Amino acid sequence: MIEVRMTLCRGGHRVRLAAAGLLTLATLAGTGAAHADAATPALPAGCSGTAPVKCHYAVSPGNYDVTISIGGGTSDGQTEMWVEARRLMLPATRTAAGAVASYSFTVNVRQPEGQPTGQGGTGNPGLDIRFAGSNPQVSAVSVKPATQPMVAYLAGDSTVCDQLIAPYAGWGQMITPAVRPGAAVANYADSGESSGSFRSNSALFPALLSKVRANDAVFIQFGHNDKQTSASAFRSNLTSMITQVRAKGGVPVLVTPPVRRHFNGNRLTPTALHVNGVGVNLPAEMRSLGAAHNVPVVDLTTKSKTLVESLGPSASAQLFLRSSVDGVTDNTHFSQYGATQFGGLVLQSIREQRLPLATYLR
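A short tour of the structure in this document, coming up.

Conventions adopted
- Residues numbered from 1 in each chain as written.
- Predicted model: local features only at pLDDT ≥ 70, side-chain atom pairs only at ≥ 80, totals over all residues.
- Heavy atoms only, no water.
- Helix = DSSP H or I, 4+ residues; strand = E, 2+ residues; numbered from the N terminus.
- Expected span 1.5 Å × (residues − 1).
- Buried < 20%, exposed > 50% of the residue type's maximum accessible area, 1.4 Å probe, protein only.
- Arc of directions from axis to C-beta.
- Contact = heavy atoms within 4.5 Å.
- Phe/Tyr/Trp six-rings, centres within 6.5 Å; stacked < 30°, edge-to-face > 60°.
- Disulfide = S-S within 2.5 Å.
- Pairing = 2+ DSSP bridges.
- Axes fitted to C-alpha atoms, helices over the stretch in contact; angles between N-to-C directions.
- Right-handed = clockwise from strand over helix to strand, strands pointing away.

With that settled, consider helix H4 (residues 282–293). End to end, H4 covers 16 Å across 12 residues, agreeing with the expected 16 Å (1.5 Å per residue, within 8%). All buried positions along H4 are accounted for by Leu282, Pro283, Glu285, Met286, Leu289 and Gly290. The arc enclosing the buried residues of H4, seen along the axis, measures out at 155 degrees, which places them on a common side. Relative to its buried face, H4 has exposed residues pointing more than 90 degrees away, namely Ala291 and Ala292. The inward-facing, buried residues of H4 abut strand S14 (217–221), helix H3 (231–247), strand S15 (251–255), strand S18 (297–298) and helix H5 (300–315).

Here it is, written out as structure tokens:
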């Protein structure tokens, strides 16, 4: 949990901020409502509720600079911020009584939210923000169109996507707190997709590609659903995406798939490491393809193998869905904790290799 006692402004300077001093919603519709509890500040326009506080702004699809002020109540606050389809922007953050903290983000808005094919629900048009936590306090929200931000597009499957329904979580919806203003994450990953189905579905790769601008990054992770894909077809699908992204001036990055939790003793099985049903070592194919085409590779398979095997067959269960906690046992899909850990491995590689998003990471 993050603890903040003074306002943290965009430039990093720490100053006190009056609770009512940052409300700039002139172009947005909505009527604010005060909390019934006098210990919490009045809500900004467009927001309602207490725990959680929900805010909605009728904006068109695109990228928006969002600045929030949390805190300002007469009791300590504890607030986390989620946008759109369960995309975390601010982890649980404590504010001391009377203190206000300001944070800024660049948020990608699209319709449908979450998974582009509508799996799990399509959400609402516009921008949705939810302030949760044990005592959420929000005193101001500013939303304005972003001016040509760098966009990191995600192409992948259910282990990457913005999962709308808990307890499922994709790593793509948990890396966003690490991204500073000026860059946005646009998650086009979709459950059940293979390299071939993603490339050919008009709602997926073609839709993503139509928005790519010069120097945008496109992170491409497949393997989980390429169970019967031949080596030549897998390489062909990935090569096609790489070529088309480069033709738009974008920067393709291959991401090898995270491991499944299938052990033989204390070591993961070949199936867990994505050797598929026709004997193709999919991560090895991605590494080879990256080297052949001078494409950066985030080796999430190797990094996640190290993490999962270091925890062992028992402790590694917390990274995935467990019946005792989540109501379902699933050794492929992540818990929120697991998605955060796997996303951290992706961020680690981005920093290590100085990939396009690296300069925008907090």
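Text resumes after the structure shown.
What follows concerns the packing of aromatic side chains. According to the stated counting rule, one finds five aromatic pairs in the structure shown. Seen in terms of ring centroids, tyrosine 153 and tyrosine 188 are 6.1 Å apart; in terms of plane orientation they differ by 45 degrees. Their pairing is tilted. Separated by 35 residues along the polypeptide, tyrosine 153 in strand S12 (residues 150–155) and tyrosine 188 in the loop between strand S13 (183–187) and helix H1 (195–200) bring together distant segments of the chain. The exposure classification of tyrosine 153 matches that of tyrosine 188, with both residues buried. The interplanar angle of 70 degrees and the centroid separation of 5.9 Å between the aromatic rings of phenylalanine 320 and phenylalanine 342 together place this pair among those described as edge-to-face.

Attention now moves to the state of the cysteines. Covalent bonding between the sulfur atoms of two cysteines defines a disulfide. According to the stated counting rule, one finds one disulfide in the structure shown. The disulfide partner of cysteine 47 is cysteine 55, and the S-S distance across this bridge is 2.0 Å. Between cysteine 47 and cysteine 55, the S-S dihedral sits near 105 degrees, and the bridge is therefore right-handed. For cysteine 47, a relative accessible area of 1% corresponds to the buried category.

In this section: the sheet that holds strand S6 (residues 62–71). Within the open sheet, the three strands sit side by side as S9-S6-S11. Their pairing is antiparallel. What marks the edges here is a single partner per strand, and that holds for strand S9 (100–109) and strand S11 (138–145). Adjacent strand axes in the sheet meet at a mean angle of 20 degrees when their direction is disregarded. Bridging between S6 and S9 involves 10 bridges; their strand directions are antiparallel. Counterpart to glycine 71 in the pairing with S9 is valine 100.

Take the pairing of S15 next. As a general feature of sheets, a regular strand has side chains that alternate between the two faces. Burial runs high along S15: four of the five residues are buried. Judged from the five bridges that link them, S14 and S15 form a sheet pairing that is parallel. Counterpart to phenylalanine 219 in the pairing with S15 is valine 253. The handedness of the S14 to S15 crossover, carried by H3, is right-handed. Bridge analysis of S15 against S18 gives two bridges, and the strand direction is parallel.

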